Amino acid sequence: MADMTNPYHIVQDQLRRAVANLKLDQEVYELLKSPMRLVEVSIPVRMDSGALRSFTGFRAQHTDAIGPTKGGIRFHPSVTADEVRGLSMWMTFKTAVMGLPYGGAKGGIVCDPAELSDAELEALSRGYIRRLEAVMGPELDIPAPDVNTSPRIMGWMLDEYDRVRGQNSPGFITGKPLVLGGSAGREAATGRGVVFSILEAMHRLGIDPHQASAAVQGFGNVGSHTARLLHAAGVRVVAVRDVNGGAFNPEGLDIPALLEHVARTRGVKGAPGSEDIDSESLLTLDVDVVVPAALENQVTEAIARRVRARIIAEAANGPTTPEGDHILDERNVFVIPDILCNAGGVTVSYFEWVQNSMGYYWSENEVNRKLRRSMVNAFDTVYRMHEEHGVFMREAAYLVAVHRVALAAEARGWIHSHPEAEVPSAPMQHMAPETVKT
Ligand code: GLU
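Remember, predicted model here, so these are calculated numbers, not experimental data.

Caption draft 1: Representation of the site of the ligand within the structure. Around the ligand, the structure places 14 residues, and the nearest of them are Lys70, Lys94, Pro145, Asp146 and Ser349. For the ligand, an oxygen atom lies 2.8 Å from a polar atom in the side chain of Lys70. Surface burial for the ligand is 95%, taken as the share of its 300 Å² of free accessible area covered by protein chains. Looking at the shell around the ligand, the elements that each hand over two or more residues are strand S3 (69–75), helix H3 (81–98), strand S5 (141–145) and helix H13 (344–358). Of the residues that constitute the shell around the ligand, the class distribution is 4 nonpolar, 5 polar and 5 charged.

Here it is, written out as structure tokens:
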């Protein structure tokens with residue numbers, strides 16, 4: 001029996017449905033149902049105590065039909081092989097929906113980074129790359145940050161790759177520090193993309209951002225930038241929450257004061273003028289938009305029944321369970337699916353990789369302009385699919401994405417099916433018309 005909290009099973013089910021809806025040949029499912037490569041490694045680290053400890057790491061590379069595989073590396077105690085498998089497949093569909101010239105990958109190390117010293121974290125990050133560099137590279141598989149990994153960690157990983165290879169390859173990894181060839185705007189890019197997609201959804205649904213309210217679950221890189229940029233766009237952010245607690249004020253949180261509080265205390269709890277709020281209450285608040293920006297499986301069936309928001313913006317990967325999804329669909333909640341909503345990160349990673357290959361760099365304004373154009377174009381493509389085919393937004397995003405991957409697989413001669421279904425195809429990045437005024 002498929003476990004429907006397992007990301008790998010969830011994405012296989014999503015793929016199966018898209019293949020059926022597009023009336024594609026079963027070969028498409030057969031080809032894409034599993035990652036083409038999953039590597040498990042054991043990484044020995046000399047701990048500060050003098051003891052040797054081995055950590056388990058994974059890298060899943062789903063398909064390189066459209067281009068080199070791409071995706072982040074997460075450090076978390078709950079990482080499993082199936083989680084990275086599932087997440088690598090979501091990356092394939094995310095890059096495809098955005099029209100990026102990539103396939104999907106994801107990596108992870110089973111660890112709790114909060115328990116590691118800086119020296120141990122650096123040794124672990126370098127050890128991971130030493131174990132996996134043979135199957136990585138700017139034209140093979142390009143890592144990036146994910147849960148609990150940062151530009152600093154990307155810097156160590158880049159250095160390890162360069163040392164082992166005896167070369168200097170800034171395009172090996174994205175989300176790295178600016179001084180090593182990182183892109184302006186990359187750190188805030190996922191949150192910025194989330195906000196662009198929320199504003200598009202509000203526009204379609206006739207919601208005025210200046211009259212709207214939002215709640216954000218998760219206050220890491222994605223959640224914090226999302227809250228900050230929603231506030232900047234005039235949306236009243238009434239609640240946020242991180243792993244240790246929440247901050248809630250029905251009148252709207254003072255986001256600049258909250259960010260100062262977080263910089264001081266490393267958590268949102270106790271922010272000026274706020275009271276605590278638990279996750280379940282946050283997700284079911286009477287607001288216009290709820291943004292799950294933490295981990296998988298947060299919006300369960302029980303929560304979905306009680307959601308009062310008009311829009312769920314999936315800033316995390318896989319935050320809604322399939323049962324939850326079904327209820328949201330039934331209740332006519334507008335879901336901006338993860339593979340579209342949080343694609344701003346990998347989109348600016350793509351810009352970073354392009355800049356690295358040219359050795360020529362863009363301003364933050366230029367990056368943000370290009371990001372907006374990509375997000376609005378992709379949103380528009382998925383929305384048209386949703387309207388014209390009368391399918392839920394998630395289903396629509398999968399139709400666009402799976403169709404594109406199937407076309408590439410067919411063009412390479414890997415499958416014999418002819419994916420000719422009538423699908424409004426989003427322009428690929430390199431041929432994206434300037435349809436959006438910036
Ligand atoms: N980890 C991010 C994601 O899930 C970014 C991946 C990337 O930039 O390659 O989309």
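Caption draft 2: The pattern of salt bridges, seen in detail. In this structure the tally under the stated criterion is 28 salt bridges. Linking Arg16 and Asp13 is a salt bridge whose minimum nitrogen-to-oxygen distance equals 3.3 Å. With a gap of 3 residues between them, Arg16 and Asp13 both fall in helix H1 (residues 7–21), about one helical turn apart. Using a relative accessible area of 41% as the deciding quantity, one classes Arg16 as partly exposed.

Caption draft 3: Representation of the packing of aromatic side chains. Applying the stated criterion across every chain, the model contains 10 aromatic pairs. With centroids separated by 3.9 Å and ring planes inclined at 5 degrees, the aromatic side chains of Tyr161 and Phe172 adopt a geometry described as stacked. On the criterion of sequence distance, the pair formed by Tyr161 in helix H5 (residues 151–165) and Phe172 in the loop between H5 and helix H6 (186–205) is long-range, its members being 11 residues apart. Phe172 sits in the buried class, given a relative accessible area of 0%. The lysine or arginine in question, Arg85, covers the ring of Tyr8, its NZ or CZ lying 5.2 Å from the ring centre.

Caption draft 4: View of the pairing of S5. When you tally the buried positions in S5, you get 4 out of 5 residues, the bulk of the element. With 5 bridges connecting them, S3 and S5 associate as parallel partners. Among the inter-strand pairings, Gly72 is bridged to a residue of S5, identified as Ala144.

Caption draft 5: View of unusual backbone geometry. Here the phi dihedral of Lys23 falls at roughly 55 degrees; this positive angle occurs in a residue that is not glycine. Mapped onto the secondary structure, Lys23 falls in the loop between H1 and helix H2 (26–32). One non-glycine residue, Asn297, lies in positive phi territory at about 55 degrees. Relative to the elements of secondary structure, Asn297 occurs in the loop between strand S9 (289–292) and helix H10 (301–306).

Caption draft 6: Fine view of the environment of Asn148. Mapped onto the secondary structure, Asn148 falls in the loop between S5 and H5. Here the alpha-carbon distance between Asn148 and Thr63, two residues 85 residues apart in the chain, equals 25 Å. In contact with Asn148, other than residues within four places in its own chain, are Phe75, His76, Pro113 and Ile153.

Caption draft 7: Just the packing of H6 against H13, in detail. At a minimum axis separation of 7 Å, H6 and H13 run at an interaxial angle of 140 degrees. With respect to their mutual orientation, H6 and H13 come out oblique. Of the two possible hands of crossing, H6 and H13 adopt the one that is right-handed. Contacts from Arg186, Ala189, Thr190 and Gly193 of H6 reach H13 at Gly344, Gly345, Val348, Ser349 and Glu352. Split by residue class, the contact of H6 with H13 holds 2 nonpolar, 5 polar and 2 charged.

Caption draft 8: Spotlight on the side chain of Gln12. Looking at the element boundaries, Gln12 is found in helix H1. Take Gln12: its relative accessible area is 14%, and that puts it in the buried class. Setting aside anything within four residues of it in sequence, one finds Gln12 in contact with Tyr29, Lys33, Ser34 and Met89.

Caption draft 9: The arrangement of the environment of Asn249 in detail. Inspection of the secondary structure puts Asn249 in the loop between strand S8 (245–248) and helix H8 (255–265). Judged by relative accessible area, Asn249 falls into the buried class, the value being 19%. Taking the C-alpha atoms as reference, Asn249 lies 48 Å from Asp162; in sequence the two are 87 residues apart. With residues up to four places along the chain from it excluded, the contact list for Asn249 reads Val238 and Gly273.

Caption draft 10: Spatial organisation of the sheet that holds strand S1 (residues 37–46). Across the sheet, which stays open at both edges, the 5 strands sit in the order S1-S2-S4-S3-S5 with mixed pairing between neighbours. Since the sheet does not close on itself, it has two edges, and those belong to S1 and S5, each with one partner. With direction set aside, neighbouring strand axes in the sheet form an average angle of 20 degrees. Summarising the sheet, strand S2 (residues 52–61) and strand S4 (residues 103–109) pair through 5 bridges and their orientation is antiparallel.

Caption draft 11: The sheet that holds S9, seen in detail. One open sheet holds the 6 strands; their spatial order is S8-S7-S6-S9-S10-S11, and the pairing between them is mixed. The two strands at the open ends of the sheet, each matched to only one other strand, are S8 and strand S11 (334–336). The mean inter-strand angle of the sheet, taken between neighbouring strand axes irrespective of direction, is 15 degrees. Relative to strand S7 (residues 236–242), strand S6 (residues 213–217) runs parallel, the two sharing 5 bridges.

Basis of the calculations
All residue numbers here refer to positions counted from 1 along the written sequence of the relevant chain. Residues qualify for local features only when their pLDDT is at least 70, as the model is predicted, and side-chain atom pairs are given and counted only at 80 or more; totals for whole chains, interfaces and linings, by contrast, use all residues. Side-chain figures throughout are based on the complete set of non-hydrogen atoms in the structure, without hydrogens or water. Nearness is judged by heavy atoms alone; a residue qualifies as near a molecule or strand once a single heavy atom is within 4 Å of it. Pairs of N or O atoms within 3.5 Å make up the polar contacts considered here, provided that, within protein, one atom can donate a hydrogen while the other can accept it, and that residues adjacent in sequence are counted only when both atoms are side-chain atoms. Only the protein chains shown count as cover for residues, and the accessible areas themselves come from Shrake-Rupley with a 1.4 Å probe. Numbering of helices and strands starts at the N terminus; helices are DSSP runs of H or I of at least 4 residues and strands are runs of E of at least 2. When residues are sorted by character, Ala, Val, Leu, Ile, Met, Phe, Trp, Tyr, Cys and Pro go into the nonpolar class, Asp, Glu, Lys and Arg into the charged class, and all the rest, Gly among them, into the polar class. Just to be clear on terms, a salt bridge is a Lys or Arg side-chain nitrogen sitting within 4 Å of an Asp or Glu carboxyl oxygen. Three exposure classes are used, based on accessible area relative to the maximum for each residue type with a 1.4 Å probe and protein chains only: buried under 20%, partly exposed in between, and exposed over 50%. Between the rings of Phe, Tyr and Trp (Trp by its six-membered ring), a pair exists once the centres lie within 6.5 Å; its type follows the angle of the planes, with under 30 degrees stacked, over 60 edge-to-face, and the other angles tilted. Charge-over-ring placement is defined geometrically: NZ (Lys) or CZ (Arg) within 6 Å of the ring centre, and within 35 degrees of the ring normal. The rule for pairing is simple: two strands pair if DSSP sees at least two bridges between them. The contact rule is simple, with two residues in contact once any of their heavy atoms fall within 4.5 Å. Working convention: axes come from line fits to C-alpha atoms, limited for helices to the stretch in contact. Angles between N-to-C directions cover 0 to 180 degrees. Should an angle lie under 35 degrees it is considered roughly parallel, over 145 roughly antiparallel, and from 65 to 115 roughly perpendicular; all remaining angles are considered oblique. If you view the pair so one helix is near and one far, a crossing is left-handed when the near helix is turned anticlockwise from the far one by less than a right angle, and right-handed when it is turned clockwise.

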